[in-house]
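Examining the three-dimensional arrangement
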Amino acid sequence: MTPNRPTSPYSLTRFLIEEERAGHIRPDLRLLIEVVTRACKRISIEVGKGALGGVLGDAGTPGQASINVQGEAQKKLDVIANDVLMEANAWGGHLAGLASEEMDHSVPIQDLSPDGSPAGNYLLLFDPLDGSSNIDVNISVGTIFSVLRCPEGVTKPADEHYLQPGTEQLVAGYCTYGPNTTLVLTIGHGTHAFTLDREIGSFTLTTRGMRIPEETQEFAVNMSNQRHWQPPMQAYVADLLAGKTGPRGKDFNMRWVASMVADVHRLLTRGGIFSYPLDAKCAAKGGKLRLMYEANPMAMLVEQAGGAASTGRQRMLEVTPTGLHQRVPVFLGSRNEVEAAVRYHREHDVEA
Ligand code: P6P
């Protein structure tokens, strides 16, 4: 009698090996993804300790906050998550360099592992802990990452080698640390979700081929900025709020977690549009959210799930970066709703 063999869960490792066999990724890129996702598991443990781990609150010393290149006060967990990702990627030989939202400049791997570990073919960019202002109030936060090819012949990459449009990304993903820890990943062949099985310590495939509904009745925006918006955004949101009584002909609901990973995970799961538009406070910087560490990876994930991502005036993935910490306005999510928002920009754009 054949024993009832347990059907082992479909792990991230198995998924990546099958993607490698399909020719979608090379072995060294598979290694890179495994290293980054293993680091996310370590970050999940640190985040999960909460007050018990002595890791809440601001980094720096009393009265002397630690301010990052973004001009934001760093949380202790921002620094911890950044260190975990740096340490995990220093010695594997799969990376040529890495860049973090938390650090002024990119770091060539040779500077990280002076013992002569070989430099690999890829550039890793990450926001080690997005939404970290929510940590102290126990709201979901996450790690966002993106992988680019290191230009041919460049063994010690500098900042300018990272300035590639989002269409050049080979991998994009995030790990959300919420009621459960979920990894959402694309290698250019669909967007897939893996839930961390804490009992065996591995990510298990839970949704193959996430699809964003083209229509939605849910929008995510920080309404407290309304008086600072430009005319296109004013007109767009006014019609969302008018609901059935206005030109959109349907009522809308609003959600705003103030943690991009959480808001994007919701729209990848059930549809919606997420927006952080230009406003009078952030227009001088080009926007609030970072192109390389937030907008581009999320845009690739959303497009691979059938959605759309735009600055309001241009497809996000086609923006040519001009700086490592460049900021952009962001509209992403359900395709038809993003196209509606872009239409408002075309029709109401005083800049046009
Ligand atoms: P606000 C978090 O700091 C973040 O970068 C994104 O995760 C989030 O969507 C946005 O900023 C929240 O901004 O102005 O609502 O605090």
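Note that the coordinates shown come from a computational prediction; the quantities given were computed from them, not determined experimentally. (Residues numbered from 1 in each chain as written. Predicted model: local features only at pLDDT ≥ 70, side-chain atom pairs only at ≥ 80, totals over all residues. Heavy atoms only, no water.)

**Things to note about the UniProt feature "domain: Fructose-1-6-bisphosphatase class 1 C-terminal" (unreviewed entry) in the protein**
The sites that carry the UniProt feature "domain: Fructose-1-6-bisphosphatase class 1 C-terminal" (unreviewed entry) are, in the present numbering, residues 212-345. End C-alpha atoms of residues 212-345 are separated by 23 Å, and the span's content is 36% helix alongside 15% strand. (UniProt positions renumbered as here; feature names shortened; annotations may be inferred. Helix = DSSP H or I, 4+ residues; strand = E, 2+ residues; numbered from the N terminus.)

**Thoughts on the sheet that holds strand 4 (residues 107-108)**
Pairing is mixed across the open sheet formed by eight strands, whose spatial order is 4-3-5-6-7-8-9-10. Lying at the two open borders of the sheet, with one neighbouring strand each, are strand 4 and strand 10 (202-207). Those strands touched by helix 3 (residues 76-89) are strand 3 (95-100), strand 5 (122-130) and strand 6 (141-149), and its axis lies near 155 degrees from that of strand 5. Relative to the sheet, helix 6 (residues 260-270) contacts strand 5, strand 6, strand 7 (171-177), strand 8 (181-186) and strand 9 (191-197), its axis offset from that of strand 7 by approximately 105 degrees. (Pairing = 2+ DSSP bridges. Contact = heavy atoms within 4.5 Å. Axes fitted to C-alpha atoms, helices over the stretch in contact; angles between N-to-C directions.)

**Digging into the pattern of salt bridges**
Scanning the entire structure with this criterion turns up 18 salt bridges. Residue Lys-244 pairs with Asp-251 through a salt bridge whose shortest N-O separation is 3.5 Å. Assessed through its relative accessible area of 60%, Lys-244 is described here as exposed. A salt bridge links Arg-266 to Asp-263; its shortest N-O distance comes to 3.0 Å. Residue Arg-266 and its partner Asp-263 are located together in helix 6, separated by three residues, close to a single helical turn. Pair check on accessibility: Arg-266 and Asp-263 agree, each one buried. Via salt bridges that share partners, Glu-218, Asp-263, Arg-266 and Arg-270 belong to a single interconnected network. (Salt bridge = Lys/Arg side-chain N within 4 Å of Asp/Glu carboxyl O. Buried < 20%, exposed > 50% of the residue type's maximum accessible area, 1.4 Å probe, protein only.)

**Remarks on helix 2 (residues 27-49)**
In this model helix 2 runs 34 Å from its N-terminal to its C-terminal C-alpha over 23 residues, within 8% of the 33 Å that 1.5 Å per residue would give. Phi for Gly-50, located one or two positions after helix 2, is positive at around 55 degrees. (Expected span 1.5 Å × (residues − 1).)

**Some points on the pairing of strand 3**
The element strand 3 is extensively covered by neighbouring structure, given that six of its six residues are classed as buried. In this sheet, strand 5 lies alongside strand 3 in parallel orientation, the contact comprising five bridges. Residue pairing for strand 5: Leu-95 is matched across the bridge by Tyr-122. In this structure, strand 3 lies alongside strand 4, joined through two bridges in antiparallel fashion.

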